There are 6 protein chains.
Amino acid sequence: MNIIYPGTFDPFSLGQLDIVIRARQIYDTVTVAVSDNPRKNPMFAFEERIEMARLAVDEYDGVEVIGFTGLLVDVMRERGIKFMLRGIRGMLDFEYEFQMAQVNRSMLSEFEPIFLMPGEKYMVLSSTFIREVAVLNGDVSGFLPPKVAEYIKAKI
Amino acid sequence: MNIIYPGTFDPFSLGQLDIVIRARQIYDTVTVAVSDNPRKNPMFAFEERIEMARLAVDEYDGVEVIGFTGLLVDVMRERGIKFMLRGIRGMLDFEYEFQMAQVNRSMLSEFEPIFLMPGEKYMVLSSTFIREVAVLNGDVSGFLPPKVAEYIKAKI
Amino acid sequence: MNIIYPGTFDPFSLGQLDIVIRARQIYDTVTVAVSDNPRKNPMFAFEERIEMARLAVDEYDGVEVIGFTGLLVDVMRERGIKFMLRGIRGMLDFEYEFQMAQVNRSMLSEFEPIFLMPGEKYMVLSSTFIREVAVLNGDVSGFLPPKVAEYIKAKI
Amino acid sequence: MNIIYPGTFDPFSLGQLDIVIRARQIYDTVTVAVSDNPRKNPMFAFEERIEMARLAVDEYDGVEVIGFTGLLVDVMRERGIKFMLRGIRGMLDFEYEFQMAQVNRSMLSEFEPIFLMPGEKYMVLSSTFIREVAVLNGDVSGFLPPKVAEYIKAKI
Amino acid sequence: MNIIYPGTFDPFSLGQLDIVIRARQIYDTVTVAVSDNPRKNPMFAFEERIEMARLAVDEYDGVEVIGFTGLLVDVMRERGIKFMLRGIRGMLDFEYEFQMAQVNRSMLSEFEPIFLMPGEKYMVLSSTFIREVAVLNGDVSGFLPPKVAEYIKAKI
Amino acid sequence: MNIIYPGTFDPFSLGQLDIVIRARQIYDTVTVAVSDNPRKNPMFAFEERIEMARLAVDEYDGVEVIGFTGLLVDVMRERGIKFMLRGIRGMLDFEYEFQMAQVNRSMLSEFEPIFLMPGEKYMVLSSTFIREVAVLNGDVSGFLPPKVAEYIKAKI
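As a starting point, this report considers the structure included with it.

Thresholds applied
- Residues numbered from 1 in each chain as written.
- Chains lettered and ligands numbered in written order.
- Predicted model: local features only at pLDDT ≥ 70, side-chain atom pairs only at ≥ 80, totals over all residues.
- Heavy atoms only, no water.
- Helix = DSSP H or I, 4+ residues; strand = E, 2+ residues; numbered from the N terminus.
- Rg over C-alpha atoms; globule rule 2.2 N^0.38 Å.
- Buried < 20%, exposed > 50% of the residue type's maximum accessible area, 1.4 Å probe, protein only.
- Contact = heavy atoms within 4.5 Å.
- Areas by Shrake-Rupley, 256 points an atom, 1.4 Å probe, with all protein chains shown as cover.
- Lys, Arg positive; Asp, Glu negative; His and termini not counted.
- Charge placed at Lys NZ, Arg CZ, Asp CG, Glu CD.
- Least-squares fit on C-alpha atoms with pLDDT ≥ 70 in both.
- Buried area = accessible area lost by both parts, 1.4 Å probe.
- Salt bridge = Lys/Arg side-chain N within 4 Å of Asp/Glu carboxyl O.
- Nonpolar A, V, L, I, M, F, W, Y, C, P; charged D, E, K, R; others polar.
- Pairing = 2+ DSSP bridges.
- Right-handed = clockwise from strand over helix to strand, strands pointing away.
- Core = buried A, V, L, I, M, F, W, Y, C linked by side-chain atoms within 4.5 Å.
- Arc of directions from axis to C-beta.
- Axes fitted to C-alpha atoms, helices over the stretch in contact; angles between N-to-C directions.

A look at the overall build of chain A
For chain A, the helix and strand inventory stands at six helices and five strands. Tracing chain A from N to C terminus, the helices and strands come up as β-α-β-α-β-α-β-α-β-α-α. Computed over the C-alpha atoms, the radius of gyration of chain A is 15 Å, within 12% of the 15 Å expected from 2.2 N^0.38 for a compact globule of 156 residues. Over its C-alpha atoms, taken along the principal directions, chain A stretches across nearly 45 × 30 × 30 Å. The 156 residues of chain A split such that 59% are buried. Contacts spanning at least 24 positions in sequence make up 74% of the contacts within chain A whose residues lie at least 6 apart. In the form shown here, chain A has an accessible surface area of approximately 6,500 Å², with 49% of it arising from carbon and sulfur atoms. Here chain A contributes 17 positive and 22 negative side-chain charges, whose respective centroids are spaced 1 Å apart.

Structural data, given as structure tokens:
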């Protein structure tokens, strides 16, 4: 059984890795699907975000990384995946995810969202905060998988 | 008795039409007031949004469409309208609408906001999601009044 | 056009009177419908709550008070009323009211809830808090219509 | 792989059956665990709630029903189950479930909560509302699995 | 400068002790005010709750424990305290505390609520959950100050 | 004892002044820390926002204004301040502030956030709404300290 984990992953964080590992206890494969999302004006380019996601998960079996443009439900239809993974850290997260899931289900009736809870120490780690700290030259290496931290250091 | 229904209407959705129809059961006229709102960086131009709102409601009696720039309370004062209509789909919507209503009431003491609940099938239809799906070349015609869907198709 | 305003009214507060007055600007009549609700374990008996609601509104035209047991939608069906009034003071209020409204609409398809915003000074006045203050022998007369305050004083 | 679905099930609703069916797409077995919970003052006795849950799921393979007293985590430890299932209908649900899940994880480190989203038509069906309608002699058979509806009718 | 910390403290938890210690960094004295609150149907008697609060804080300077019946604002007025302390763990907590604070300020204009954030490991420890676990014979000693845990063990 | 009050202050409002005055009852000094925050795309330039904050507080003892770029926790470490002040107007405010505070505490363990409640008449005054009204040529002088209102008038 397979599940897709869509996101901007700007950059891929330790909290997101924690969610992937938890999902792998349940599913045979997890497809990390990096969204192009140019309207969100990401800090890292599409290719960089894909590359960082690959570095983050490369020692885990049964986890693949793809990039996609267009609708998530089209990717799921093509690949025959009906489960979608999201990690939830709090109520505001949840309200947004819940609306998105209802919209997606209205476009793909067998769409099945699965919400997991990250480990306690990853609760406060949103990618937004990691980016804000990084922009202000704060040290974000403690929030990132080691290879992602190295990749970013090498780039700058 | 008249009520004003302000919004960006980018574009005017089936859910918003549903709210107009519900309000017409209570009020003699509904004034759909399309806000210029250039800071929100809308997908459609001001004139296009006015035109689509007109197409959406043109077979309904007692519904007019206007465009406005400036403060909503100034439009209401000029036209002698004190009731303002908003549809509410969930808690996050509500918190924002509630703050806006308090601010407006602080500027126009007789300001009276009326919150209605859309039909169940329109609950998940925010204009934000419709725009996101459209940008990704998804089919949004099922979320829009037929004439609005045609207008958009003709434009592209 | 008529609207029903259901509640426990334990006791009828100034904030609830404010909502009735606002609704009367829109509707020809407002039916205050006091629910029996013995499971909620109210502080005042059903007849007392009806009596206090009558005292609160008796100088307002177009406002009647009834008591009811059973389902609200049955009362509405019998009386041919499809609009239901609720005042909203904040997000938690709203979430509860919204669920109730969806359930009621599933039982009476033409059910139409109207949510109004109380005046700023009534925002913090829930009946729960008024009861808690009263139990602790605090002075609640400033939170109640004068005749309701007198009624309670006379009882104790 | 097994998952436990704890609850008071007072009574077992169509929405809860929908969640069980969704979970069975992912897990080999679902253990519906009816909590004794006398402090919640349930409408139906512990044995009745277990019986109704059994009637609700008896035509589904891979679903068992147990009753339990004491801590959920103790039941999970004994049976070697680490996944726990909950359906989520909105933000208030979520906040409560999230706190419960954090407490349970603090007592059983491998505790893994899985949150699923019920089908749209079951979104508004809380057991609380079903009970309130039933108490007021409203017809709740449309909210319940047919055998549960029959069981309740036979009892009264 | 003095601050009052009101609550039911049923029983006094490690998270509440954490809040007291944080407040003592700012205020010269903290008055823990145990509310009688018989309507909340507490698990422990009023005198037991006062005794446990005393045991919890007895090695901390500048912290006193009192019991009170009646309105909090009356206690504050008598003692000349205008600051009130509350710990906040999440959004639902906050909404309730915020309403309470607005009501109290309407009765005592100089009322000044101060909200502090407990340490991360105390975030999930509500007294409600501690009581639920205790009722089910779960081990709650890790959630309580050692002397409170001993007191409860000795009682049972 | 000192406390820092960080923000964009775009522009400094009467509600923010109210929070500063409340904090001064507790702390010997309040450091208003204007964040550069170019990514937030503020309406007023960094120097203008610092200047307006200075004008707003210049008749209050024990209040200083600084500008800063980079991480708040670095400013706090340098100055030996561990308390951080925030005013809270509602639930959405709170969720955001709470996450920020958890992130900051993860970077500076002695970080201690203090949340105060503005006076009732400042509850609805967010800087966002003030800016929106200003952009639409609405009169915002009633929402601002007199000297800030003059400064803005002089600029335009």
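Back to the text.
Some remarks on the relation of the copies chain D and chain A
When chain D is fitted onto chain A, the two copies agree to an RMSD of 0.0 Å after a turn of 180° and an axial shift of 0.0 Å. Accordingly, the operation relating the two chain copies is best matched by a two-fold axis. Nearest to the rotation axis, the C-alpha of Phe115(D) is located 2.5 Å from it, this being the minimum over chain D. Comparing contact sets, 100% of the residues at the interface of chain D also lie at the interface in chain A, consistent with an isologous, same-surface contact.

Examining unusual backbone geometry
In this chain, Asp10(A) is followed by Pro11(A) through a cis amide linkage whose omega measures 0°. Tracing the sequence through the fold places Pro11(A) in the loop between β1 (2-7) and α1 (14-24).

Here's the deal with the environment of Pro146(C)
In this fold, Pro146(C) is placed in helix α6 (residues 146-155). Each C-alpha atom of the pair Pro146(C) and Val133(C) lies 17 Å from the other, and the pair is 13 residues apart in sequence.

Some points on the interface of chain D and chain A
Many structure descriptions define interface size as the accessible area lost when the parts assemble. If you look at the interface, chain D gives 28 residues, while chain A gives 28 residues. Together chain D and chain A conceal approximately 2,400 Å² of surface at their shared face, both sides included; 65% is due to carbon and sulfur atoms. Put simply, Glu112(D) and Arg22(A) hold a salt bridge, and the shortest N to O gap is 2.9 Å. Where the side of chain D that touches chain A is concerned, the elements lending two or more residues are α4 (91-107) and β5 (112-116) of chain D. Considering only residue class, the side of chain D that touches chain A consists of 17 nonpolar, four polar and seven charged. Both strand β5 (residues 112-116) of chain A and β5(D) contribute to a ladder of three bridges, which runs antiparallel.

Notes on the pairing of strand β1 (residues 2-7) of chain E
All names here are of chain E. With five of its six residues buried, β1 lies for the most part within the structure. Of the strand pairs in this sheet, β1 and strand β2 (residues 29-35) are connected by six bridges, and their pairing is parallel. Opposite Ile3, over in β2, you have Val30 as the bridge partner. After leaving β1, the chain enters helix α1 (residues 14-24) and then returns to the sheet as β2, a path that is right-handed. Pairing analysis gives two bridges linking β1 to strand β4 (residues 83-87), with the strands arranged parallel. Of the residues in β4, the one forming a bridge with Ile4 is Met84.

Looking at the nonpolar core
Counting 349 residues, the largest nonpolar core has Val32(A), Val32(B), Val32(C), Val32(D), Val32(E) and Val32(F) as the members making the most contacts within it. Every residue in contact with Val32(D), bar those within four places of it in the chain, is listed here: Tyr5(D), Phe9(D), Phe12(D), Val20(D), Ala53(D), Val63(D), Glu64(D), Val65(D) and Ile66(D).

With respect to helix α3 (residues 72-79) of chain F
Among the residues of α3(F), those classed as buried are Leu72(F), Val73(F), Val75(F) and Met76(F). Summarising the axial view, the buried residues of α3(F) lie within an arc of 160°, below the 170-degree limit, and thus occupy one face.

A closer look at the sheet that holds strand β1 (residues 2-7) of chain D
The strand order across the open sheet built from ten strands is β3(A)-β2(A)-β1(A)-β4(A)-β5(A)-β5(D)-β4(D)-β1(D)-β2(D)-β3(D), with neighbouring strands paired in mixed fashion. The open sheet has two edge strands with one neighbour each: β3 (63-68) of chain A together with β3 (63-68) of chain D. Adjacent strand axes in the sheet meet at a mean angle of 30°, parallel and antiparallel pairs treated alike. Each of β1, β2 (29-35), β3, β4 (83-87) and β5 of chain A together with β5 of chain D touches α1(A); the most contacted strand, β2(A), lies at about 150° to it. Running at roughly 130° to β3(A), helix α3 (residues 72-79) of chain A makes contact with β1, β2, β3 and β4 of chain A of the sheet.

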